[in-house]
Amino acid sequence: MMPTTDAPMRLRCVDSHTEGEPTRALVDGIPGLAGSPAQVRAALDGAWAPLVRAMMHEPRGYAWLVGAVVLPPASPRASFGVVFFNNVGTLGMCGHGTIGVVRTLSALGRLAAGDHLIETPVGPVTARLHADGRVSVRNVPSRVAQHGVAVHVPGHGVVHGDVAWGGNWFFICHDHGLAISMDRLQELTDFSMRLRSAYDAAGLRGDDGAPIDHVELSIDAGDGGGHRVGSGADARGFVLCPGAEWDRSPCGTGTSARVACLAAQGRLAPGATWVQESVLGTRFEATYERIGTDIVPTITGSAHVTFDGWIVIDPADPLARLGER
Ligand code: PYC
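Residues numbered from 1 in each chain as written. Predicted model: local features only at pLDDT ≥ 70, side-chain atom pairs only at ≥ 80, totals over all residues. Heavy atoms only, no water.

Focus: the environment of isoleucine 172
Formally: Numbering of helices and strands runs from the N terminus, with a helix taken as a DSSP run of H or I at least four residues long and a strand as a DSSP run of E at least two residues long. Only protein chains enter the accessibility calculation, which uses a 1.4 Å probe; a residue is then buried when its area is under 20% of its type maximum, exposed when over 50%, and partly exposed in between. Two residues form a contact once any of their heavy atoms are found within 4.5 Å.
Here isoleucine 172 is to be found in strand E11 (residues 169-173). We classify isoleucine 172 as buried; its relative accessible area is 1%. It is 5.9 Å that separates the C-alpha atoms of isoleucine 172 and leucine 217, two residues lying 45 residues apart in sequence. Not counting residues within four places of it along the chain, the set of residues in contact with isoleucine 172 comprises His160, Gly161, Asp162, Ala164, Glu216, Ser218, Ala257, Arg258 and Cys261.

Here's the deal with the pattern of salt bridges
We count it as follows: Criterion for a salt bridge: a side-chain nitrogen of Lys or Arg within 4 Å of a carboxyl oxygen of Asp or Glu.
If you walk through the whole model with that rule in mind, you get 15 salt bridges. Of the charged contacts, one joins aspartate 15 and arginine 24 as a salt bridge, the two residues approaching to 2.9 Å between their closest N and O atoms. Per residue, the accessibility class of aspartate 15 equals that of arginine 24, and both read buried. Among the ionic pairs, arginine 248 bridges to glutamate 245, the shortest N-O distance being 3.0 Å. The pair formed by arginine 248 and glutamate 245 is uniform in burial state, with each residue classed as buried. Overlapping salt bridges bring together Asp220, Arg258 and Arg267 as one network.

Some points on the site of the ligand
The test is simple: By convention in this text, a residue qualifies as near a molecule or strand provided that one of its non-hydrogen atoms is within 4 Å of it. A 3.5 Å cut-off defines polar contacts: any pair of N or O atoms within that distance qualifies, except that in protein one atom must be a possible hydrogen donor and the other a possible acceptor, and neighbouring residues in sequence count only when both atoms are side-chain atoms. All accessible-area figures derive from a Shrake-Rupley calculation using a 1.4 Å probe, and residue coverage is judged against the displayed protein chains alone. Every definition here rests on a 1 Å grid over the protein atoms only: cavities are sets of points where a 1.4 Å probe fits but cannot get out, pockets are open sets enclosed by protein on both sides within 12 Å along at least five of seven lines, and lining residues have some atom within 4 Å of a point. Criterion for pocket placement: a molecule counts as inside a cavity or pocket if more than half of its atoms are within 2 Å of its grid points.
Close contacts around the ligand come from Cys94, Gly95, His96, His214, Cys241, Asp247, Cys251, Gly252 and Thr253, and that covers them all. Glycine 95 places a main-chain nitrogen or oxygen 2.8 Å from an oxygen atom of the ligand. For the ligand, an oxygen atom lies 2.7 Å from a polar atom in the side chain of threonine 253. Contact with the protein chains hides 99% of the accessible area of the ligand, taken as 250 Å² for the molecule alone. For the ligand, the cavity whose grid points lie within 2 Å of the majority of its atoms is the largest cavity.

Re empty space enclosed by the protein
By rolling a water-sized probe across the atoms, one finds the places where empty space is left. Quick note on the threshold: Grid points are joined across faces, edges and corners, and a volume is the space filled by probe spheres set on the points. Three residue categories are used. Nonpolar comprises Ala, Val, Leu, Ile, Met, Phe, Trp, Tyr, Cys and Pro, charged comprises Asp, Glu, Lys and Arg, and polar comprises the others, including Gly. Note: domain ranges come from an automatic or database domain assignment.
This structure, assessed with the given rule, holds two cavities of 30 Å³ or more. Taken as a whole, the largest cavity holds about 160 Å³ of empty space. Together, 24 residues line the largest cavity, and Glu21, Val66, Leu91, His214 and Cys241 are the ones closest to its centre. For the lining of the largest cavity, the elements supplying multiple residues, two or more each, are helix H3 (95-107) and helix H5 (252-264). Taken together, the residues of the lining of the largest cavity sort by class into twelve nonpolar, nine polar and three charged. Residue contributions to the lining of the largest cavity reach at least three from each of two domains, namely domain 1 (9-134 + 304-324) and domain 2 (143-301). Considering the residues around the second largest cavity, the lining is formed by Arg53, Ala54, His57, Glu58, Leu319, Ala320 and Arg321. Grouping the constituent residues of the lining of the second largest cavity by class yields three nonpolar, one polar and three charged.

Here's the deal with the domain arrangement of the chain
Looking at the chain, the domain boundaries give domain 1 (9-134 + 304-324) and domain 2 (143-301). Spacing between the C-alpha centres of domain 1 and domain 2 amounts to 24 Å. Linking domain 1 to domain 2 there are one salt bridge. In this structure, arginine 134 and glutamate 285 form a salt bridge, with 3.8 Å as the shortest nitrogen-oxygen distance. Viewed at the interface, domain 2 and domain 1 are joined by six residue pairs in polar contact (both at pLDDT 80 or more). Grouping the constituent residues of the side of domain 1 that touches domain 2 by class yields eight nonpolar, seven polar and three charged.

Written as structure tokens, this is what we have:
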């Protein structure tokens, strides 16, 4: 149970951005909340959900902020555990968030350069903190569940997409016909939301029955139509997150899902680099290993610390809304 207290709760947090997308790391955990990442995820989606809302929503947070609670490791081989959350609940994994947390812990002097095993609710990942500060995240095995699914989007027509897992579920669409640029954000958001409603209503789910809560609109460098992909990038993507906000980074789990599609189509060889660009123009480099039948992507990017302090949640503050379920 979430403790009830009259005293304001003070949560130590360090903010960073990874290729433009923010992460707020609760670096000393949340008092009273313990367990494995899967147990903490269930608690944050259950009895502790009001605390997630108080941290992520205005006036303490904002819609595109991703939170991360850093946990002591369960396994002696791991450096730490982490659970990510946003304005609508928890995430299975988060690529940009993992890069941000690693950079933050290194800035605090809590993590040395080298390889670190990290426990997440969807399985262990490994992060390599490079001497130059860049971070590579070897993600969970990623896969394509369905290829070329047709979806009728009201007011637009039929589009196609791949349903793929990269630590979260994605519907990756190429034939959307939209330019992926900063001056088209509203159109990209509206279309992605209509697409998600359409495939949800049609009963499309991940192969584990979970909702496909991320939409990725992609343009490859080789695609025609005059749409811009920056020089040296292989693709430019727009990712709509579950809370209807767009990812400022190229999205680590989305890039992993895309790499799984490319591997399945024989379009990217193991070890070859895929450069994925965000709508902002920031980039992740991705490679993958084939381990048995698994596709295991590695995403590399940079993060920078932007804030170090405490969030204060006063139970007497009506805008903390701690009493709401
Ligand atoms: O980088 O995996 C990611 C991510 C998921 C949601 C926002 N960013």
